[in-house]
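Residue strings, one per chain:
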Amino acid sequence: MKDRISVLMDGELDDRSAAQAIDALAAGSQAGSQAGSEARDAWRTYHLISDALGKSRMLSEGFGERVAAALAAEPTVLAPRRLGGAREPRRWAALAAGVAAVSLVGWLGFAPQQPAVQVAKAPTPVVPKEAKPAVVALPSGTNDYLLAHQAFSPRMSLVGMAPYVRTVSEPAREARR
Amino acid sequence: MRTRALGAALVLATSVAQAQSPETLAWLRKMHQATQRLSYVGTFVYQNADRTETSRITRYAAGDIEKLEVMNGVPREIVRTRDTVRCYLPDSRVVKVDRRVDRDFPALLPEQISALARHYDISLAETQRIAGLDCQTVVLQPKDNLRYGYRLYADVKSGMLMRADTVDAAGKSVETLMFTQFTPGNVTPDMVRPRHEGKKWRIEDAGAAPAHLAGWGLASELPGFHKVTELKRRLGESRPVGQMVFSDGLAAVSVFIEPLESRPDRAATGLASMGAINIYTREVANHMITVVGEAPAVSVQRIADAVEFRRPTQ
């Protein structure tokens, strides 16, 4: 079951297995279900792990971008799967899983363009027609661009000089230039 | 964490109903006035998914001078006066000087604050304690996916902005700026003087001047983003570039245009990001186009893709 929960979190479980896993999670909230409580423990643990990862500084450079690029190639990952003919509680659980998946992407510093929030109101979605862009390293001299840009950011007047802290840590490159 | 995201989504959803009350706009004005009026010394933290940095900011209101010292990472000190921004880089012994072309420009005027309501639903949320102060939360929820949302936390008493979260479409913070310590008052001119003033460092003056970049423009503007300025400047040691700035009143996107031959290297076409900043690079008509903005990747890319050169007819 633990493996299934993990795969479920990744959104890669097929409809039938996903429904079973979600049922198990739902059962976990009632006392007396061994498989259910195991499933719920796994669910909590895996999310704790992802949260902990979010706070760590140990991700390799560009990790977020690479994941973002991989996700961009598979846009359906962001959307909760439709479970045909699912019963009411199951759909709620699937929705929660969908929100979790979006949040997981969020902590990677990537802005998914499918806002979960806008489900609640009538959005005016702007669908990008362009192909998903290649993800590249920050251009050389990024700090120069940032300095030149931030002087014109109207946000400056709300946040004082704070936006000027946005620079790239590249001491070697800065020293060489 | 998950439940908090859900909670935020619910708060944002319910806030739509009571958006843009005069009270919420009054809070934005109060924040704006506080940043203009107060002298203070504060320590604040900048955080994005990849890193955390601590800085000290000192503001001397009577002279309208601010000094920012970055405490970790690349050492640097930035001093902004009414018309100049100077960035001191001890590692490379360089001072970058940027004169403000339009000295009033960055100020967010009261009428602009009302205009923000066109692109954002603005509402008040709960109060929170930050750096020992009770803070009012103001939520700016974008009306489309072309801009980020913001959660602003302002000291109830002074209106000073104590924390600002930039929030993506999923409600997650992509960037946080937060005071961890804040002491208003008692700032002398000495305290905002650059520490490295008077040293014989190399000066890189951007030489920014308003200009018309003949032939350059956007095939189509991004909804809500209007061109606010156009100038020529130097970047790095002395590369000449053109810069156009587009803004919706809160977020800004700069388009830098530079001849390929003056670039030290060929930058790769594509998207790079850092916190709330997205950077998209591409070539147009033998020029390198670098678009930099605190806007979602889709906005930065769309502006970059719209950049075109039409040979001026005459």
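Everything quoted here is computed from the prediction, not taken from an experiment.

## Re the overall build of chain B
- Secondary structure summary: chain B contains four helices and 21 strands in total.
- In chain B, which comprises 314 residues, the share counted as buried stands at 47%.
- In chain B, 52% of the contacts between residues at least 6 apart in sequence involve partners at least 24 apart.

## Here we look at the overall build of chain A
- Scanning chain A for helices and strands turns up eight helices and zero strands.
- Listed N to C, the secondary structure of chain A is α-α-α-α-α-α-α-α in terms of helices and strands.
- Per-residue burial over chain A gives 40% buried out of 177 residues.
- Of the contacts formed within chain A by residues at least 6 apart in sequence, a portion of 53% connects residues at least 24 apart.

## Re the sheet that holds strand 20 (residues 287-293) of chain B
Residues and elements named next belong to chain B.
- Here seven strands make up an open sheet; going across it, the order is 13-15-16-17-20-19-18 and the pairing antiparallel. Only two strands of the sheet have a single neighbouring strand rather than two, namely strand 13 (209-210) and strand 18 (270-274).
- Bridge count for strand 18 against strand 19 (residues 277-284) is five bridges, and the pairing is antiparallel. Bridging across to strand 19, Leu271 finds its partner in Tyr280.

## Things to note about the environment of Arg234(B)
Residues and elements named next belong to chain B.
- Tracing the backbone through its elements, the reader meets Arg234 in strand 15 (residues 226-235).
- On the basis of neighbour count, Arg234 is assigned to the partly exposed category, with 18 C-beta atoms found within 10 Å.
- In this structure, the C-alpha to C-alpha distance between Arg234 and Asp98, residues 136 residues apart in sequence, is 9.4 Å.
- Contact partners of Arg234, with chain neighbours within four places excluded, come to Ala206, Gly207, Arg239 and Pro240.

## Regarding the confidence of the model for chain A
All names here are of chain A.
- Chain-level statistics for chain A give a pLDDT mean of 60 and a share of 42% at 70 or above.
- Mean pLDDT across the elements of chain A bottoms out in helix 5 (residues 88-106) (37) and peaks in helix 6 (residues 142-150) (88).
- Below a pLDDT of 50 lies the segment residues 77-128, which in the model reaches 108 contacts outside its immediate sequence neighbourhood of four places, other chains included.
- In the predicted structure, residues 170-177 sits below a pLDDT of 50 and forms 13 contacts with residues beyond four places in sequence or in another chain.

## Here we look at helix 6 of chain A
- When you tally the buried positions in helix 6 of chain A, you get nine out of nine residues, the bulk of the element.
- Buried within helix 6 of chain A are the following residues: Thr142(A), Asn143(A), Asp144(A), Tyr145(A), Leu146(A), Leu147(A), Ala148(A), His149(A) and Gln150(A).

## Observations regarding the nonpolar core
- Ala154(B) and Val291(B) are the most contacted members of the largest nonpolar core, which has 91 residues in total.
- Of all hydrophobic cores here, the second largest spans eleven residues; its members include Ile5(A), Leu13(A), Ala18(A) and Ala42(A).

## A closer look at the pairing of strand 7 (residues 120-130) of chain B
- Direction of pairing for strand 7 of chain B relative to strand 8 (residues 133-142) of chain B: antiparallel, over a ladder of nine bridges. In the strand pairing of strand 8 of chain B, Tyr120(B) is matched with Pro142(B).

## A word on the sheet that holds strand 4 (residues 76-80) of chain B
Residue and element names in this part refer to chain B.
- Pairing is mixed in the open sheet, where twelve strands are placed in the order 7-8-9-10-11-1-2-3-4-5-6-12. In the strand order of this sheet, the two ends are held by strand 7 and strand 12 (202-205), each with one partner. Pairs of neighbouring strands in the sheet enclose a mean axial angle of 15°, with direction left out of account.
- Across six bridges, the pairing between strand 8 and strand 9 (residues 149-155) is antiparallel. Directly across from Val139, in strand 9, lies its bridge partner Arg151.

## Here's the deal with unusual backbone geometry
Residue and element names in this part refer to chain B.
- Notably, Asp64 is not glycine yet its phi reads approximately 55°, a positive angle.
- Tracing the backbone shows Asp64 in the loop between strand 2 (52-60) and strand 3 (65-70).
- Residues other than glycine seldom take positive phi values, yet Asn186 does so here, at roughly 55°.
- Within the secondary structure, Asn186 sits in the loop between strand 11 (173-184) and strand 12.
- You can call Asn186 exposed: it has 9 C-beta atoms within 10 Å.

## Focus on the pairing of strand 15 of chain B
Residue and element names in this part refer to chain B.
- Note: strand 13 against strand 15, two bridges, orientation antiparallel. What sits directly across from Pro210, in strand 15, is Leu231.
- Examined bridge by bridge, strand 15 and strand 16 (residues 239-247) share nine bridges and lie antiparallel to one another. From the neighbouring strand, Leu235 faces strand 16, where its bridge partner is Arg239.

## Overview of the environment of His287(B)
All names here are of chain B.
- Take His287: it is sitting in strand 20.
- Spatially, the C-alpha atom of His287 lies 4.4 Å from that of Pro259, the residues being 28 residues apart in sequence.
- Setting aside anything within four residues of it in sequence, one finds His287 in contact with Ile257, Glu258, Pro259 and Leu260.

## Points about the environment of Ile22(A)
All names here are of chain A.
- You can see Ile22 is positioned in helix 2 (residues 15-28).
- Judged by local crowding, Ile22 falls into the buried class, with 25 C-beta atoms found within 10 Å.
- Spatially, the C-alpha atom of Ile22 lies 9.4 Å from that of Gly36, the residues being 14 residues apart in sequence.

The rules behind these values
Residues numbered from 1 in each chain as written. Chains lettered and ligands numbered in written order. Predicted model: local features only at pLDDT ≥ 70, side-chain atom pairs only at ≥ 80, totals over all residues. Helix = DSSP H or I, 4+ residues; strand = E, 2+ residues; numbered from the N terminus. Buried ≥ 20, exposed ≤ 12 C-beta atoms within 10 Å, placed from the backbone. Contact = placed C-beta atoms within 7 Å. Pairing = 2+ DSSP bridges. pLDDT = per-residue confidence, 0-100. Core = buried A, V, L, I, M, F, W, Y, C linked by C-beta atoms within 7 Å. Axes fitted to C-alpha atoms, helices over the stretch in contact; angles between N-to-C directions.

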